[in-house]
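The residues making up each chain are set out below.
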Amino acid sequence: MDLAFSSEAEAFRAHVRAFLAAHVPAGWPGMGALDGDEAHQFSVRWRKVLADNGFIGITWPVAYGGGGRSKLDQIILARNSPAPASRSAG
């Protein structure tokens, strides 16, 4: 059994990683490091960046404004996106 991703999936993963490298600052602490208002403002801006780059609703049908991509592509996007950091307890 070959568990490797297809060349198309690998190409999408490379695209996602390049997008994130260009839009997420190195050492970004994550949403959990922001206070409520900062987190909200960041979330609004980030959703716009994602939407402008075709990363919102990627599995929705194209006819409904989505990307028409596969569930595997959705997983690749989620697995390669930075995880939110939790707030420190200090």
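Since the model is a prediction, treat every value here as computed from it, not as a measurement.

Thresholds, definitions, all that
Residues numbered from 1 in each chain as written. Predicted model: local features only at pLDDT ≥ 70, side-chain atom pairs only at ≥ 80, totals over all residues. Heavy atoms only, no water. Helix = DSSP H or I, 4+ residues; strand = E, 2+ residues; numbered from the N terminus. Buried < 20%, exposed > 50% of the residue type's maximum accessible area, 1.4 Å probe, protein only. Areas by Shrake-Rupley, 256 points an atom, 1.4 Å probe, with all protein chains shown as cover. Lys, Arg positive; Asp, Glu negative; His and termini not counted. Charge placed at Lys NZ, Arg CZ, Asp CG, Glu CD. Phe/Tyr/Trp six-rings, centres within 6.5 Å; stacked < 30°, edge-to-face > 60°. Core = buried A, V, L, I, M, F, W, Y, C linked by side-chain atoms within 4.5 Å. Contact = heavy atoms within 4.5 Å.

**Observations concerning the overall build of the protein chain**
Counting its secondary structure elements, the protein chain contains three helices and zero strands. The helix and strand sequence of the protein chain, counted from the amino end, reads α-α-α. Over its C-alpha atoms, taken along the principal directions, the protein chain stretches across nearly 50 × 35 × 20 Å. The buried share of the protein chain, taken over its 90 residues, is 24%. By element, 58% of the accessible surface of the protein chain is carried by carbon and sulfur atoms, the whole surface being about 6,500 Å². Across the protein chain, 9 positive and 8 negative side-chain charges occur, with their mean positions spaced 2 Å apart.

**With respect to the packing of aromatic side chains**
Inspection of the entire model under this criterion finds five aromatic pairs. Ring geometry for Phe 19 and Trp 46: centres 5.9 Å apart, planes at 35°, overall tilted. Of this pair, Phe 19 sits in helix 1 (residues 7–23) while Trp 46 sits in helix 2 (residues 36–52), and the two are 27 residues apart along the sequence.

**Thoughts on the nonpolar core**
Proteins that are soluble and globular tend to have nonpolar side chains buried together. Counting 15 residues, the largest nonpolar core has Phe 12, Val 16, Phe 19, Leu 20, Trp 46, Phe 55 and Leu 77 as its most contacted members. Sorting the residues of this core by element identifies helix 1, helix 2 and helix 3 (71–80) as the ones contributing at least two each. It is helix 1 that contributes the most residues to this core, five residues altogether. With residues near it in sequence (within four places) discarded, Phe 55 still touches Phe 12, His 15, Val 16, Phe 19, Leu 50 and Leu 77.

Keep in mind that these numbers describe shape and distance, not what the molecule does.
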